[in-house]
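Architecture and fold: a report
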Amino acid sequence: MPQEQTLSLIKPSSVSANQIGGIINKFEKGGLKVVAMKMLRLTENQARDFYDVHRGKPFFDELISFMTTGPILAQVLEGENAIQKNRDIMGSTNPAEAAPGTVRAEFAHSMTENAVHGSDAPETAETEIAFFFEKKDIYSNI
Ligand code: CMP
């Protein structure tokens, strides 16, 4: 299994609900290491750029509006098979379908307010990490 990095966002509703620690605990217990971290509030333009692949979809405006309601926590997670591992720990995008014990089963409220975002493939992980972090600010062990 390859050593990988993936981007994780803890979304505004989870930051405001004091769930940062509970969520990161699941990542760490699941074998992922936090190697970079930043709290920030996305501007509308930044949110639109980050979610560019979803532009034009019916949920896009609601997603952008939600993602700019307050600060998010951006992290780079690292480890063996990190991209898929993070997706397994997060659970299904739709919290109603998320397996018990996953982040979304425990912390998500709806499809839009689904607690976390994680990269879905190596190419997107690279682009999404670069969106938030410079290489020098990532304390990688790879
Ligand atoms: P995320 O992993 O951040 O990537 C895109 C987000 O769009 C997704 O999580 C959901 O929060 C949101 N979203 C809302 N509706 C849908 C939908 N029908 N399909 C996929 N994503 C959706």
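In short, a report on the structure. Remember, predicted model here, so these are calculated numbers, not experimental data.

Turning our eyes to something else, we now look at the site of the ligand. Lining the immediate environment of the ligand, one finds Lys-11, Tyr-51, His-54, Phe-59, Leu-63, Thr-93, Arg-104, Met-111, Thr-112, Asn-114 and His-117. Lys-11 places a polar side-chain atom, nitrogen or oxygen, 2.7 Å from an oxygen atom of the ligand. A distance of 2.6 Å separates an oxygen atom of the ligand from a polar side-chain atom of Tyr-51. In the complex, 79% of the free accessible area of the ligand, which totals 450 Å², lies under the protein chains. When grouped by side-chain class, the residues that make up the shell around the ligand number four nonpolar, five polar and two charged.

We now examine the nonpolar core. Leu-9, Met-67, Phe-132 and Phe-133 are the most contacted members of the largest nonpolar core, which totals 21 residues. Elements with a contribution of two residues or more to this core: strand 1 (3–10), strand 2 (33–40), helix 3 (44–50), helix 4 (60–67), strand 3 (72–80) and helix 7 (122–132). Dropping the residues within four chain positions of it, Phe-132 is found in contact with Leu-7, Leu-9, Lys-38, Leu-40, Leu-42, Phe-50, Ile-72 and Ala-74. Core analysis: the next-biggest nonpolar cluster, separate from the first, contains 16 residues, Leu-73, Ala-82, Val-103 and Phe-107 among them.

Time to look at the packing of aromatic side chains. In the structure shown here, the tally under the stated rule is four aromatic pairs. Here the aromatic residues Phe-50, Tyr-51, Phe-131 and Phe-132 are joined through ring pairs into a cluster of three or more. Sitting above the plane of the Phe-133 ring, Lys-38 keeps its charged end 5.1 Å from the centroid.

Count 3.6 residues to each turn of an α-helix, and residues three or four apart come out pointing the same way. Among all positions of helix 5 (residues 82–90), only Ala-82, Ile-83, Asn-86, Ile-89 and Met-90 are buried. Within helix 5, the buried residues cover an arc of 130° as seen down the axis, which keeps them to one side. Along its buried surface, helix 5 packs onto strand 1, helix 2 (20–29), strand 3, helix 6 (103–107), strand 4 (116–118) and helix 7. Phi turns positive, to about 85°, at Gly-91, one or two residues after helix 5.

What follows concerns unusual backbone geometry. Most peptide bonds take the trans configuration, and most residues that are not glycine carry a negative phi. Of note in this structure, Asn-18 is not a glycine but carries a positive phi near 60°. Relative to the assigned elements, Asn-18 resides in the loop between helix 1 (12–16) and helix 2. Relative accessible area serves as the criterion here: at 74%, Asn-18 is assigned to the exposed category. Backbone geometry places Asn-81, a non-glycine residue, at a positive phi of 55°. Considering the arrangement of structural elements, one finds Asn-81 in the loop between strand 3 and helix 5.

Bringing the sheet that holds strand 2 into the picture now. Read from one edge of the open sheet, four strands run 2-3-1-4, paired in antiparallel fashion. Among the strands making up the open sheet, the edge pair consists of strand 2 and strand 4. Along the sheet, successive strands turn relative to each other by an average axial angle of 20°, direction set aside. Across eight bridges, strand 1 lies against strand 3 in antiparallel orientation. The residue of strand 3 that forms the bridge with Gln-3 is Glu-80. Contacts from helix 5 reach strand 1, strand 3 and strand 4, with the element oriented near 35° to strand 1. Sitting on the sheet, helix 7 touches strand 1, strand 2, strand 3 and strand 4, and the angle it makes with strand 1 is about 55°.

Parameters and conventions
Residues numbered from 1 in each chain as written. Predicted model: local features only at pLDDT ≥ 70, side-chain atom pairs only at ≥ 80, totals over all residues. Heavy atoms only, no water. Near = heavy atom within 4 Å. Polar contact = N/O pair within 3.5 Å; in protein donor to acceptor, adjacent residues only side chain to side chain. Areas by Shrake-Rupley, 256 points an atom, 1.4 Å probe, with all protein chains shown as cover. Nonpolar A, V, L, I, M, F, W, Y, C, P; charged D, E, K, R; others polar. Core = buried A, V, L, I, M, F, W, Y, C linked by side-chain atoms within 4.5 Å. Buried < 20%, exposed > 50% of the residue type's maximum accessible area, 1.4 Å probe, protein only. Helix = DSSP H or I, 4+ residues; strand = E, 2+ residues; numbered from the N terminus. Contact = heavy atoms within 4.5 Å. Phe/Tyr/Trp six-rings, centres within 6.5 Å; stacked < 30°, edge-to-face > 60°. Lys NZ or Arg CZ within 6 Å of the ring centre and 35° of its normal. Arc of directions from axis to C-beta. Pairing = 2+ DSSP bridges. Axes fitted to C-alpha atoms, helices over the stretch in contact; angles between N-to-C directions.

Any link to function would need more than the numbers given here.
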